[in-house]
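# Architecture and fold: a report
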Amino acid sequence: MQRTYLMVKPDGVQRGLIGEIVARFERKGFQLVGAKLMQVTREQAEFHYEEHKEKAFFGELVDFITSGPVFGMVWQGDDVIALSRLMMGKTNVMDSQPGTIRGDFAAHTPKNLIHGSDSPESAEREIGNFFKPEELLGYDKAINRWI
Ligand code: RTP
Ligand code: MG
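Keep in mind the model is a prediction, meaning the values are calculated, not measured. (Residues numbered from 1 in each chain as written. Chains lettered and ligands numbered in written order. Predicted model: local features only at pLDDT ≥ 70, side-chain atom pairs only at ≥ 80, totals over all residues. Heavy atoms only, no water.)

### Points about the overall build of the protein chain
Put simply, the test is: In this description a helix means any DSSP run of H or I spanning at least four residues, a strand means any run of E spanning at least two, and both kinds are numbered starting from the N terminus. Radius of gyration: C-alpha atoms only; globule rule: 2.2 Å multiplied by the number of residues to the exponent 0.38. Note on classification: 1.4 Å probe, protein chains only; a residue is buried when its accessible area is under 20% of the maximum for its type, exposed when over 50%, partly exposed between these limits. In these tables, accessible area is a Shrake-Rupley quantity obtained with a 1.4 Å probe, and a residue counts as shielded only by the protein chains included in the view. Under the convention used here, Asp and Glu are negative, Lys and Arg are positive, and both His and the chain ends fall outside the count. The atoms used to mark charge sites are NZ of Lys, CZ of Arg, CG of Asp and CD of Glu.
Across its full length, the protein chain carries seven helices and four strands. Each helix (α) and strand (β) of the protein chain, taken in turn from the N terminus, gives the series β-α-α-β-α-α-β-α-α-β-α. Radius of gyration (C-alpha) of the protein chain: 15 Å, near the 15 Å computed for a compact globule of 147 residues. With the C-alpha coordinates of the protein chain rotated into their principal frame, the extents come out at 45 × 35 × 25 Å. By the burial criterion, 47% of the 147 residues in the protein chain qualify as buried. Of the roughly 8200 Å² that the protein chain leaves accessible, carbon and sulfur atoms contribute 54%. Here the protein chain contributes 18 positively and 21 negatively charged side chains, and the mean placements of these two sets differ by 4 Å.

### Description of the site of ligand 1
Selection criterion: Each residue is tested against the molecule or strand, and it is near if at least one of its non-hydrogen atoms lies within 4 Å. A cavity here means a set of 1 Å grid points, computed over protein atoms only, where a 1.4 Å probe fits but cannot escape. A pocket is an open set with protein on both sides within 12 Å along at least 5 of 7 lines, and lining residues have an atom within 4 Å of a point. The way we define it, a molecule is inside a pocket or cavity when more than half of its atoms are within 2 Å of that pocket's grid points. Residue classes follow a fixed rule: Ala, Val, Leu, Ile, Met, Phe, Trp, Tyr, Cys and Pro count as nonpolar, while Asp, Glu, Lys and Arg count as charged, and any other residue, Gly among them, counts as polar.
Neighbouring ligand 1 are 13 residues; Lys 9, Thr 91, Pro 110, Asn 112 and His 115 lie closest to it. When ligand 1 is considered free in solution it has 560 Å² of accessible area, and contact with the protein chains removes 78% of it. Here ligand 1 is seated within the largest pocket. Partitioning the shell around ligand 1 into residue classes produces five nonpolar, five polar and three charged.

### Section: the environment of Glu 60
Position of Glu 60 among the secondary structure elements: in helix α4 (residues 58-65). Since its relative accessible area comes to 58%, Glu 60 is described here as exposed.

### Regarding the UniProt feature "domain: Nucleoside diphosphate kinase-like" (unreviewed entry) in the protein chain
We count it as follows: UniProt positions are given in the numbering used here, feature names are shortened, and annotations may be inferred rather than shown by experiment.
According to UniProt, the "domain: Nucleoside diphosphate kinase-like" (unreviewed entry) feature falls on residues 1-138. Within residues 1-138, the helical portion is 41% and the strand portion 19%, while the C-alpha atoms at the span's ends are 12 Å from each other.

Below you can see the structure in the form of C-alpha cells.
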C-alpha cells in the first residue's frame, strides 16, 4: 500500500476542475486520506520544486504554483504513485493522451492542472511539506476488498 501527494494546481482550481479530478481517483478505487484548499507559500513552493532549482523555468514555476489556491490531496492505494501519474498523462500537452487528465483538459504545457509525486521518496517529502500527520486519516473502506 502506497501514498502519494496529488495537487490540483491554480489553473485547475480556477477552471473549476477540482471535482472532476477528485472523481477520477475515487472511481479508480483509490482512497482519499487527506485534502485541503491552500495558498502555497514561496518557501513551500521552493522546497516542493527543489529538483528544478537550476532550471530556467524555476522562477516561473514558483510564481505559478503560488499564484492562487491549490487543492492538495493525499491518496492511498496499491501502486498509487505510478498509476496516478498514468491517469494524469504526460507533462507536455503534445504527448498527453486523451483519456488522461492532462490529455482531456490541458492545452498549454506549463499549465498542466495537476501535480503527482514521482517516487515513494518524493511522496514522503511532499506530503510532509503540506500536511501535518494528524491531518491524514486512516480508515477502513469496505469497497477496498472488491478492488
Ligand atoms: P509535476 O511535478 O508538476 O507533477 O509535473 P511532472 O512531474 O509531469 O513534470 P516535471 O518535469 O516535474 O516538471 C514540473 C512542472 O514544471 C512545469 N514545467 N515547465 N516551462 C517549462 O519548460 C516547463 N517544464 C516543466 C510544468 O508545470 C511541470 O508540471
Ligand atoms: Mg514532477
